[in-house]
Amino acid sequence: MQLSSSTPLNAALTLWAERLRQRFDLPLLVCWKGSAGLRLCQANTEPRVTIDVRDTSGAAALLSPSLDNLGRAYVEGHLDVTGTVRDIMDLTHRLVESGDTTDNADNNKPGWMQRIAHKVADATSHTRAVDRDAIHYHYDVSNDFYAEWLDPAMVYSCAYFEQGDETLAEAQMKKIDHILTKIRLEPGQRLLDIGCGWGALAIRAAQKYGARCVGITLSQNQFDLASERVKAAGLADQVDIRLQDYRDVSGPFDRITSVGMFEHVGLKNLPAYFKIIYDLLVPGGWAMNHGITSTDAHNGETRHGGGRFIEQYVFPQGELPHIGTVLTTMQEGGLEPFDIENLRRHYARTLHYWSDAFEDKTERLKAMVPEKTWRIWRMYLIGCEWAFEHDEVSVFQVLCRRAGDLASTLPWSRRWEYERV
């Protein structure tokens, strides 16, 4: 239903805006058909963001603000927003937080102004078919789409800014070297890369470290391009890219890496996932799990419904464990955590680069994908940058071995993780 000056929503939005303006100074202008626009800022403040309310669904999202309500309304075209993407995200959070303090129990508000109930789909069913479909949804948008805003090697995970002034490409290669140094990769060793993406880590492991690599992915697009890149690098005899589920891999392997993959495993399946790594790893071998975690100690939802938006539109079937859950389930799977490194600041910087590149390539990206897809990824990238910056989510590298090894076989210090000695 389209808005007009005669709809009761006109009066409701006007009342809502006036209440917010009395309590907060939000540099925001809200417009809809038949209105000149309502400023939610004080007279001496200029609006930085304009929200155009297209219909009643958009109005309902504004009147019941949460990250999933507002994100869904934007993605579905019920709201249009202008302003820089960081101003938009900043104002979105301020609007949601201001909504927490408004009188949501006002009995004069009609029912559609109450918080929209959203039932998150059961994400504990992780069959091979379900996981394959979830990976296809996210990663098979198109290789060209990702190439526009990732680094040239197309590394789609947290980079490592050792000094803080590296380019994205430099930081991504440093991340790969950081991982391969941590697992003490040596020439001739057999490496399994679970969730190999477009092949950057496996190619680097073969070229620089002389390893023999198996990279697995469930994405057809990733498999196709990674295979082409391996062939173009002349590494077909060292790197084997497979379209394969991690549960179907046969070992053994001297080293195992999993970067940005275990978020798709499912909380209930983590012990079994780590047990598979244990079974595939040779005695004395090293494994690295690099992945996003929840900062809620009970593996709960992020604040204000951001996780629900990502579940619906970005990562279906994705579940984020707390680092405590990671360590517990890793031990349950037979692995001993040896070293843990928090890279949250690094992921905030990585997403800053990705979001900037995405904004710079707006016209090209809009020509590649439907408007809805463009809106999803636009809000996903800037929203995740905000979440990592504000400790809503984190990312950890956990270096581990098969449990039970003698203490005398373990390194004395961490020096070797940063300098190959």
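Read on for an overview of the structure.

What counts, and at which threshold
Residues numbered from 1 in each chain as written. Predicted model: local features only at pLDDT ≥ 70, side-chain atom pairs only at ≥ 80, totals over all residues. Heavy atoms only, no water. Salt bridge = Lys/Arg side-chain N within 4 Å of Asp/Glu carboxyl O. Helix = DSSP H or I, 4+ residues; strand = E, 2+ residues; numbered from the N terminus. Buried < 20%, exposed > 50% of the residue type's maximum accessible area, 1.4 Å probe, protein only. Contact = heavy atoms within 4.5 Å. Pairing = 2+ DSSP bridges. Axes fitted to C-alpha atoms, helices over the stretch in contact; angles between N-to-C directions. Phe/Tyr/Trp six-rings, centres within 6.5 Å; stacked < 30°, edge-to-face > 60°. Lys NZ or Arg CZ within 6 Å of the ring centre and 35° of its normal.

Before going further, it helps to examine the pattern of salt bridges. As enumerated under the stated definition, the model contains 24 salt bridges in all. A salt bridge links Asp87 to Arg48; the nearest nitrogen and oxygen atoms lie 3.2 Å apart. Highlighted residues: Asp87 in helix H4 (residues 85-99) and Arg48 in the loop between strand E2 (38-39) and strand E3 (49-53), separated in sequence by 39 residues. The exposure class of Arg48 is partly exposed, given its relative accessible area of 36%. Of the charged contacts, one joins Asp339 and Arg414 as a salt bridge, the two residues approaching to 2.5 Å between their closest N and O atoms. With Asp339 in strand E10 (residues 335-342) and Arg414 in the loop between strand E11 (393-402) and helix H16 (415-418), this residue pair connects regions lying 75 residues apart in the sequence. Overall, Asp339 belongs to the buried group, its relative accessible area being 3%. Where salt bridges share partners, they join Arg48, Asp87, Asp90 and Arg94 into one cluster.

This next bit is on the environment of Tyr418. Among the secondary structure elements, Tyr418 is positioned in helix H16. In the structure, Tyr418 is positioned 241 residues away from Asp177 in sequence and 9.4 Å away in space, judged by C-alpha atoms.

Further remarks concern the environment of Gly291. Tracing the chain through its elements places Gly291 in strand E9 (residues 281-294). Exposure remark for Gly291: the relative accessible area of 1% places this residue in the buried category. Taking the C-alpha atoms as reference points, Gly291 and Val398, separated by 107 residues in sequence, lie 8.7 Å from one another. With residues near it in sequence (within four places) discarded, Gly291 still touches Phe262, Glu263, Ser394, Val395 and Phe396.

Turning next to the sheet that holds strand E6 (residues 212-217). A sheet is described by the order of its strands in space; here seven strands give the open sequence E7-E6-E5-E8-E9-E11-E10, paired in mixed fashion. In the strand order of this sheet, the two ends are held by strand E7 (239-243) and E10, each with one partner. Between one strand axis and the next, the sheet turns by 15° as a mean value, whatever way the strands run. Alignment of E6 against E7, held across five bridges, turns out to be parallel. Paired with Thr217 across the bridge in E7 is Leu243.

Looking at the secondary structure, you find Arg94 in helix H4. Between the C-alpha atoms of Arg94 and Phe24, which are 70 residues apart in sequence, the distance is 9.3 Å. In this structure, Arg94 is in contact with Asp25, Leu26, Pro27 and Arg48, ignoring residues within four places of it in sequence.

Here the focus is the sheet that holds strand E1 (residues 28-32). Taken in spatial order, the four strands of this open sheet run E2-E1-E3-E4, and their pairing is mixed. One side of each edge strand has no neighbouring strand; the edge strands of this open sheet are E2 and strand E4 (79-82). In terms of strand pairing, E3 meets E4 through four bridges, oriented antiparallel. Opposite Val53, over in E4, you have Leu79 as the bridge partner.

Our next topic: the packing of aromatic side chains. Applying the stated rule across the entire model yields 20 aromatic pairs. Where Phe145 meets Phe358, the ring centres are 6.0 Å apart and the plane angle is 80°; that geometry is what we call edge-to-face. On the criterion of sequence distance, the pair formed by Phe145 in helix H6 (residues 143-147) and Phe358 in helix H13 (residues 344-360) is long-range, its members being 213 residues apart. For the pair Phe145 and Phe358, one class covers both residues: buried. Taking the centre distance of 6.0 Å and the plane angle of 70° together, the rings of Trp149 and Phe358 count as edge-to-face. Highlighted residues: Trp149 in the loop between H6 and helix H7 (168-182) and Phe358 in helix H13, separated in sequence by 209 residues. Relative accessible area serves as the criterion here: at 1%, Trp149 is assigned to the buried category. Owing to a relative accessible area of 1%, Phe358 belongs among the buried residues under this scheme. The structure contains a cluster of three or more aromatic residues connected by ring pairs, namely Phe145, Tyr146, Trp149, Tyr156, Trp198, Tyr347, Trp354, Phe358, Trp377, Tyr380 and Phe388. For the cation-ring pair, Arg349 lies above Phe161, with the distance from its terminal atom to the ring centre recorded as 5.5 Å. Sitting over the ring of Trp286, Arg401 keeps its end group 4.7 Å from the ring centre.

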